[in-house]
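# Observations on the three-dimensional arrangement
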Amino acid sequence: MHKFSLSFISRVRVAFLHNIKKMTEIGPIHLNIQKKLTDTLNPTTLEIINESHLHANHQAMKNVTSKETHFSVSIVSDQFEGKTILQRHRLIYQLLDDELKAGVHALSIKAKTPKEVEQ
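Please read all numbers here as calculations on a predicted model, not as lab measurements. (Residues numbered from 1 in each chain as written. Predicted model: local features only at pLDDT ≥ 70, side-chain atom pairs only at ≥ 80, totals over all residues. Heavy atoms only, no water.)

### Quick look at the sheet that holds strand 2 (residues 70-76)
One open sheet holds the three strands; their spatial order is 1-2-3, and the pairing between them is mixed. At either end of the open sheet lies a strand with only one pairing partner, and these are strand 1 (45-50) and strand 3 (106-112). Neighbour-to-neighbour, the strand axes of the sheet open up by a mean angle of 10°, direction not taken into account. Pairing of strand 2 with strand 3, which is carried by seven bridges, proceeds in the parallel orientation. Bridging across to strand 3, Phe 71 finds its partner in Leu 107. Sheet strands touched by helix 2 (residues 28-41): strand 1 and strand 2. Its angle to strand 2, the strand with the most contacts, is close to 20°. Lying over the sheet, helix 3 (residues 85-95) contacts strand 2 and strand 3, oriented at roughly 130° with respect to strand 3. (Pairing = 2+ DSSP bridges. Helix = DSSP H or I, 4+ residues; strand = E, 2+ residues; numbered from the N terminus. Axes fitted to C-alpha atoms, helices over the stretch in contact; angles between N-to-C directions. Contact = heavy atoms within 4.5 Å.)

Given below as structure tokens:
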């Protein structure tokens, strides 16, 4: 059994809470993504996670001041019925074209229908 000092556990807890806070911060780009996806696709489930802090030290992010560059989107909508994964992703990329051109560097997408979630 491992024994960890209280100061180590405390540092890990603080780092964890710091990362959770960064992942749940909602900025203007996050709000735009949420509005566009909600207004157009009427999702039953929509989860948007800002993962920018995980990539802040990457070479491609050098001199980038935005804290909204990397997002993960998980969305469930009837609008995806009959569409392939590629068609679903293209639809989302079209909806978020302005955000992608304005500095969103990466977008991870999970797009499903309600039937696919039930399976």
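### As for helix 2
Under the 1.5 Å per step criterion, the end-to-end length of helix 2 is 20 Å for 14 residues, consistent within 8% with the ideal 20 Å. Three or more residues of helix 2 are buried, namely Ile 29, His 30, Ile 33, Leu 37 and Leu 41. Each buried residue of helix 2 sits inside an arc of 105° when the element is viewed along its axis, so together they form one side. In helix 2, the exposed positions that point more than 90 degrees away from the buried face belong to Pro 28, Lys 35 and Asp 39. Looking one or two residues beyond helix 2, the residue adopting positive phi is Asn 42, at roughly 45°. (Expected span 1.5 Å × (residues − 1). Buried < 20%, exposed > 50% of the residue type's maximum accessible area, 1.4 Å probe, protein only. Arc of directions from axis to C-beta.)

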